[in-house]
Amino acid sequence: MSRIRQAVPEDGKALTRLARETYVAAFGHSFTPADLAAHLERHLSTSNVDGWIARDTVLLAEAEDRLVGFVQFGPAGPAMELRRLYVLAGCQGCGIGSRLLRAALAHPDMAGADRIVLDVWERNHGARRLYERYGFQVVGRRSFAVASGAASDDDLIMQRLACQNSDLAQ
Ligand SMILES: CC(C)(COP(=O)(O)OP(=O)(O)OC[C@H]1O[C@@H](n2cnc3c(N)ncnc32)[C@H](O)[C@@H]1OP(=O)(O)O)[C@@H](O)C(=O)NCCC(=O)NCCS
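Report on the accompanying structure. Please read all numbers here as calculations on a predicted model, not as lab measurements.

This part takes up the site of the ligand. Neighbouring the ligand are 21 residues, the closest being Gly95, Ser98, Asn124, Gly126 and Arg129. One of the backbone nitrogen or oxygen atoms of Gly97 is found 2.8 Å away from an oxygen atom of the ligand. Contacts to the ligand include Arg129, whose side-chain N or O atom sits 2.7 Å from an oxygen atom. When the ligand sits alone it has 830 Å² of accessible area, and the protein chains cover 76% of it. In terms of residue count, the dominant contributor to the shell around the ligand is helix H6 (residues 125-133) (six residues). Here the residues of the shell around the ligand sort into eleven nonpolar, seven polar and three charged.

Here it is in structure tokens:
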């Protein structure tokens, strides 16, 4: 059984390891090794992750004192943005991602938001299904550039409006 708690600065190193491991497991195959290394260096360094904890809200799922998943959210202009949601590959499919998403949506900053936005890779059908179940709808797309400039698929932009919050999966 996992528990969910808010990340504190002391979690920076362990969260960096988790963020890198889950990102590589989920998306590593879609990069060249050089692009993947550049992406990890640019977006998933310890100083990046320390910044998430300082500026955003990060909720951690912990099982037997080990981090198994996290969700990160924060402001994006007048909206709130769900920036990341990841669960260790070996722990997926057991409800941890749904619990993290529900905990994020119940957080006062998110529950009080008129609009919540997120980006999801268009071919990530599992995550799209999960977000749709919690009231997110596709409203746009943007291209996702890798360091070498190689073409890749688009990200979809999904949003959830406060007026869509009723009748959602529990
Ligand atoms: C998306 C993710 C956080 C869901 O966490 P989880 O603990 O597996 O989710 P739950 O067990 O609560 O719910 C399962 C739902 O998640 C989605 N899902 C399951 N496995 C998935 C996978 N490998 N990748 C993406 N989504 C997945 C499905 O919608 C699934 O529902 P379904 O079984 O009815 O189709 C997790 O699978 C993950 O970390 N995936 C890789 C990273 C990722 O895609 N993050 C989202 C980036 S925008």
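A word on the packing of aromatic side chains. According to the stated counting rule, one finds eight aromatic pairs in the structure shown. Arranged with centres 6.0 Å apart and planes meeting at 55 degrees, the rings of Tyr23 and Phe31 form a pair that is tilted. With a centroid separation of 6.0 Å and an interplanar angle of 20 degrees, the aromatic rings of Trp52 and Phe70 are classed as stacked. Of this pair, Trp52 sits in helix H3 (residues 46-55) while Phe70 sits in strand E3 (residues 66-76), and the two are 18 residues apart along the sequence. One exposure class covers both Trp52 and Phe70, and it is buried. Pairwise contacts between aromatic rings join Tyr23, Phe27, Phe31, Trp52, Phe70, Tyr86 and Trp121 into one cluster.

Conventions adopted
Residues numbered from 1 in each chain as written. Predicted model: local features only at pLDDT ≥ 70, side-chain atom pairs only at ≥ 80, totals over all residues. Heavy atoms only, no water. Near = heavy atom within 4 Å. Polar contact = N/O pair within 3.5 Å; in protein donor to acceptor, adjacent residues only side chain to side chain. Areas by Shrake-Rupley, 256 points an atom, 1.4 Å probe, with all protein chains shown as cover. Helix = DSSP H or I, 4+ residues; strand = E, 2+ residues; numbered from the N terminus. Nonpolar A, V, L, I, M, F, W, Y, C, P; charged D, E, K, R; others polar. Phe/Tyr/Trp six-rings, centres within 6.5 Å; stacked < 30°, edge-to-face > 60°. Buried < 20%, exposed > 50% of the residue type's maximum accessible area, 1.4 Å probe, protein only.

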